[in-house]
Amino acid sequence: MENQLDQKKRIAAEKAVEWIEDGMLIGLGSGSTVYWFIRKLAERVHDGLRIQGIPSSKRTEQWADEMGIPLTDFSKTDRLDLAIDGADEVDPKLNLIKGGGGSLLREKLVNQVADKLIIIVDDSKAVLQLGQFPLPVEVVPFAWQTTVNRLRELGVEPRLRMDGARPFVSNNQNYIFDCAFQTIRDPQALHRELKQVLGVVETGLFLNMADLVLIGSEQGVQQLK
Ligand code: 5RP
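Residues numbered from 1 in each chain as written. Predicted model: local features only at pLDDT ≥ 70, side-chain atom pairs only at ≥ 80, totals over all residues.

Details of the overall build of the protein
At step 1: When you go through the protein residue by residue, the secondary structure sums to six helices and 15 strands.
At step 2: Relative to the globule expectation of 17 Å for 225 residues, the C-alpha radius of gyration of the protein, 17 Å, shows essentially globular dimensions.
At step 3: Referenced to the eigenvectors of the C-alpha coordinate spread, the extents of the protein come out at roughly 55 × 40 × 35 Å.
At step 4: In the protein, buried positions account for 44% of the 225 residues. (Helix = DSSP H or I, 4+ residues; strand = E, 2+ residues; numbered from the N terminus. Rg over C-alpha atoms; globule rule 2.2 N^0.38 Å. Buried ≥ 20, exposed ≤ 12 C-beta atoms within 10 Å, placed from the backbone.)

Here it is as structure tokens:
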């Protein structure tokens, strides 16, 4: 039976399908909430909706393939009509922490070329200030120890994400460091500071990107604009 958390994710994800129109090019985000979106989108595709998607992770690509969603890539287009993605935290200004699943770089590359970005979350992700969720930072594996030293000098506490006994490797063959902050008072400044560290590829701070957040709760789906 569906648990309450899955139900909240599913209703937010299914609501997002209302923004899809025939002929659209759609960025397909990553994560368990996006899974519900892909399922619903596949139903619409089987009913005759003509869209093409660009997945932001290998897992999403696999789901889309299995469910019969037509895919394209950036050799065919450099823009998208819409992107739908999940998030780990959302603040009232629609700033996000993403990368809990380790796909932050591809997600950012996909989301930044979409005319509109809709984020789908359950209500546990809505926070007043970002930072409770450890910030994922993607780092080049070569000389990662020196990159981590630079991050520590900035007062950051990076923890290498593991996959069993080995470091977790992203879809781009990089490492992810989860950085505990508790609260992030100035997300813009932190993002700028982290990006200046040699070896840092990208941070999980997605700032001024989302246009709409759909939040699934016991009361239904709330919209944050
Ligand atoms: C992956 C992501 C996901 O969108 C984020 O972790 C949310 O996932 P879920 O819907 O499973 O909670 O950023 O890198």
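Concerning the sheet that holds strand β1 (residues 25–28)
At step 1: Pairing in this open sheet of six strands is mixed, and the strands run β2-β1-β3-β6-β14-β15 from one edge to the other. Two strands lie at the open edges of the sheet, namely β2 (52–55) and β15 (220–224), each paired on one side alone. Each strand of the sheet is rotated relative to its neighbour by a mean of 20°, with strand direction disregarded.
At step 2: Taken together, the three bridges between β1 and strand β3 (residues 82–85) define a ladder with parallel strand orientation. Bridge pairing in β3 links L28 to I84. (Pairing = 2+ DSSP bridges. Axes fitted to C-alpha atoms, helices over the stretch in contact; angles between N-to-C directions.)

A word on the site of the ligand
At step 1: In the neighbourhood of the ligand, 17 residues make up the surrounding shell, with G31, S32, G86, G100 and G101 lying closest.
At step 2: Looking at the shell around the ligand, the elements with two or more residues in it are α2 (32–46) and α4 (104–111).
At step 3: Per-class residue counts for the shell around the ligand are two nonpolar, eleven polar and four charged. (Near = placed C-beta within 6 Å. Nonpolar A, V, L, I, M, F, W, Y, C, P; charged D, E, K, R; others polar.)

Topic: the packing of α2 against helix α3 (residues 58–67)
At step 1: It is at 10 Å that the axes of α2 and α3 come closest, and there the two elements cross at 25°. With respect to their mutual orientation, α2 and α3 come out roughly parallel. Read as a crossing pair, α2 and α3 show a hand that is right-handed. For the pair α2 and α3, contact is made by V34, Y35, I38, R39 and A42 and by T60, W63, A64 and M67, respectively.
At step 2: Across the contact of α2 with α3, the residue classes break down as seven nonpolar, one polar and one charged. (Parallel < 35°, antiparallel > 145°, perpendicular 65-115°, else oblique. Left-handed = near helix turned anticlockwise from the far one by under 90°. Contact = placed C-beta atoms within 7 Å.)

Overview of the packing of helix α1 (residues 4–16) against α2
At step 1: It is at 8 Å that the axes of α1 and α2 come closest, and there the two elements cross at 45°. By the criterion of interaxial angle, the relationship of α1 to α2 is oblique. For the crossing formed where α1 meets α2, the hand is right-handed. Taking contact as the criterion, the partners of K9, R10, A12, A13, E14 and A16 in α1 are, on α2, S32, T33, V34, W36, F37 and K40.

Considerations on the UniProt feature "active site" (unreviewed entry) in the protein
At step 1: Sites flagged by UniProt as "active site" (unreviewed entry) map to E107.
At step 2: Topologically, E107 is positioned in helix α4. (UniProt positions renumbered as here; feature names shortened; annotations may be inferred.)

Some remarks on the environment of Q145
At step 1: Relative to the helices and strands, Q145 resides in helix α5 (residues 144–153).
At step 2: On the basis of neighbour counts, which here come to 8 C-beta atoms within 10 Å, the residue Q145 falls in the exposed class.
At step 3: Put simply, Q145 and G199 are 54 residues apart on the chain and 9.8 Å apart in space, counted from C-alpha to C-alpha.

Notes on the pairing of strand β6 (residues 117–122)
At step 1: With respect to burial, β6 is a largely interior element, six of its six residues being buried.
At step 2: Along β6, one buried face is formed by L117, I119 and V121 and the opposite face, lined by I118, I120 and D122, is buried too.
At step 3: One ladder, built from three bridges, connects β3 with β6; its direction is parallel. Across the sheet, residue A83 finds its bridge partner in β6, namely L117.
At step 4: Two strands pair when backbone bridges link them, and β6 and strand β14 (residues 212–217) are joined in this way by five bridges, in the parallel orientation. What sits directly across from I119, in β14, is V213.

Focus on the nonpolar core
At step 1: Within the largest apolar cluster, 49 residues are counted, with the highest numbers of intra-cluster contacts made by F37, I38, I84, I119, I120 and V121.
At step 2: If we ignore the near neighbours within four places in the chain, the residues touching F37 are A13, A16, V17, I84 and I120. (Core = buried A, V, L, I, M, F, W, Y, C linked by C-beta atoms within 7 Å.)

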